[in-house]
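# An overview of the molecular structure
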Amino acid sequence: MRISLLAGMVAGLLFFSGLLSGPAWAASRIAQAGLLGAMGGDVVAQTCEIPEIRMGSAASLKAFHRAMAGCADRFWAGRFAAAGLPYTPPEVTITTGSDSVCGEITSNGAQYCPEQRTIAIRIMKHDLRDPFRMNIAHSVAHEWGHHVQQLIGVLDAQNALYQQASDGAQTLLSHRLEMQAECFAGVFYSAALESIKPGIEWEDWIDAVRRADESKIHGKPRNLAFWQERGYRGGATGFCNTWTATRSKVG
């Protein structure tokens, strides 16, 4: 992917609503000037060796997650280098239990631990019974999106605002954060989807995301699908600025 920076994007950036100011504005200026200010360019396919998953085999699931992590790491290291930003990979832990370096892993099977800069993955029973490749791959791609947010200062800025916000404002901040991680996952898929061999057509996958159950933390499935699709079709992080999106696109 060739990176082209949009001149004046930072200077002209205004956050939607009065929620996003102070630390979020400061972090966003850094991100926009380096990574999020990039839009356009050619998507270059990335070849990754992602192994098959054997039904009922925790070992093969661990190998799949490790390969996905290596693929995501290589992709994002390249994007940060192109943007002139420092990059360090997260730690990745994989377990069949529920404990992680940041506490109990929630029922969705994966979470990002900001303080430890670790992606903690739990192999779930339903993954052993029905190892749907794209669903399992997404647990890595989405959480890697949160690591990108950590590296560019968005997580710290969002957290500072979250602590002092009302319940409604907290919900909106959470949605903006999660949908940006979805969009970052889409950007990764734009280069690596063919290697992942997802076992589902992209349009069918997005339709499945759109029809999933709604989550208070993540927001409406149709919006999650919108941002993942936007990242995938755009192929660049500049398409992922959920912080200036209207409330209807992140609700």
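Structure first, text after, so check above.
None of these values were measured; they are calculated from a predicted model.

Conventions and cut-offs
- Starting from 1, residues in each chain are numbered consecutively following that chain's sequence as written.
- Only residues with pLDDT of 70 or above have their local features reported here, since the model is predicted, and side-chain atom pairs are shown and tallied only from 80 upward, although totals for entire chains, interfaces and linings are computed over all residues.
- Hydrogen atoms and water are omitted, and side-chain values are computed over all heavy atoms in the structure.
- Each reported salt bridge corresponds to a side-chain nitrogen of Lys or Arg within 4 Å of a carboxyl oxygen of Asp or Glu.
- Secondary structure is summarised from DSSP: a helix means a run of H or I of at least four residues, a strand means a run of E of at least two, and numbering begins at the N terminus for each.
- The cut-offs for exposure are 20% and 50% of the maximum accessible area for each residue type, with area from a 1.4 Å probe on protein chains only; residues under the lower value are buried, those over the upper are exposed, and the others partly exposed.
- When DSSP finds at least two bridges between two strands, those strands are taken to pair.
- Any cysteine sulfur atom paired with another within 2.5 Å is treated as part of a disulfide.
- Note that the arc is defined by the directions from the helix axis to the C-beta atoms.
- It only takes one pair of heavy atoms within 4.5 Å for two residues to be counted as in contact.
- Within 3.5 Å is the distance limit for a polar contact, defined as a pair of N or O atoms, with the added protein rule that one can donate a hydrogen and the other accept it, and that residues adjacent in sequence qualify only through two side-chain atoms.

### A short note on the pattern of salt bridges
Inspection of every chain in the model, using the stated rule, returns 5 salt bridges. Notably, a salt bridge pairs Arg-233 with Glu-203, separated by 3.3 Å at the nearest N-O pair. Pair noted here: Arg-233 is in helix H8 (residues 221-234) and Glu-203 is in helix H7 (residues 202-210), with a separation of 30 residues, a long-range link. Here Arg-211 ties to Asp-207 by a salt bridge, and the two come within 2.9 Å at their closest N and O atoms. A residue is classified by how much of its surface remains accessible, and Arg-211, at 58% relative accessible area, is exposed. Given a relative accessible area of 30%, Asp-207 falls into the partly exposed group. Shared partners join several salt bridges into a network, and the residues in it are Glu-203, Glu-229 and Arg-233.

### Considering the pairing of strand E4 (residues 110-113)
The two faces of E4 match: Ala-110 and Tyr-112 on one face and Gln-111 and Cys-113 on the other face are all buried. Examined bridge by bridge, E4 and strand E5 (residues 118-122) share 4 bridges and lie antiparallel to one another. Bridging across to E5, Gln-111 finds its partner in Ala-120. Hairpin remark: E4 followed by E5, antiparallel, with 4 residues in the connecting loop; positive phi at Arg-117, about 50°.

### Here we look at the state of the cysteines
Inspection of the entire model under this criterion finds 3 disulfides. Paired by a disulfide, Cys-48 and Cys-71 hold their sulfur atoms 2.1 Å apart. Note on the Cys-48 and Cys-71 pair: the S-S dihedral is about 75°, so by sign convention the disulfide is right-handed. Within this pair, whereas Cys-48 is found in the loop between helix H1 (23-34) and helix H2 (58-83), its partner Cys-71 is found in helix H2, the two being separated by 23 residues in sequence. The residues Cys-48 and Cys-71 share a single accessibility class, namely buried. Bridging Cys-102 to Cys-113, the disulfide has an S-S length of 2.0 Å. Its torsion about the S-S bond being -40°, the disulfide of Cys-102 and Cys-113 is classed as left-handed. Of this pair, Cys-102 sits in the loop between strand E2 (99-100) and strand E3 (103-104) while Cys-113 sits in strand E4; the two residues are 11 residues apart in sequence, bridging distant segments of the chain. Judged by relative accessible area, which is 31%, Cys-102 ranks as partly exposed. By relative accessible area, Cys-113 is classed as buried at 0%. Numbered by position along the chain, the disulfide-linked cysteines of the chain connect as 1-2, 3-4, 5-6.

### Structural notes on H7
Taken together, the buried positions of H7 are occupied by Trp-202, Trp-205, Ile-206 and Val-209. The arc that holds every buried residue of H7, seen down its axis, measures 95°, which confines them to one face. Here the buried face of H7 lies against helix H4 (133-151), helix H6 (167-196) and H8.

### What to know about the pairing of strand E1 (residues 91-95)
Side chains Val-92 and Ile-94 project from E1 onto a buried face, and the interleaved Glu-91, Thr-93 and Thr-95 project onto a face without burial. In terms of strand pairing, E1 meets E5 through 5 bridges, oriented parallel. Looking at E5, one finds that Val-92 is bridged to Ile-119.

### Describing the side chain of His-146
Mapping His-146 onto the fold places it in helix H4. Polar contacts involving the side chain of His-146 include one to the side chain of His-142, which spans 3.1 Å.

### Overview of unusual backbone geometry
Unlike most non-glycine residues, Arg-117 shows phi in positive territory, near 50°. By the secondary structure assignment, Arg-117 is in the loop between E4 and E5. We classify Arg-117 as partly exposed; its relative accessible area is 33%. Of note in this structure, Lys-197 is not a glycine but carries a positive phi near 50°. Along the chain, Lys-197 turns up in the loop between H6 and H7.

On their own, these measurements won't tell you what the molecule is for.
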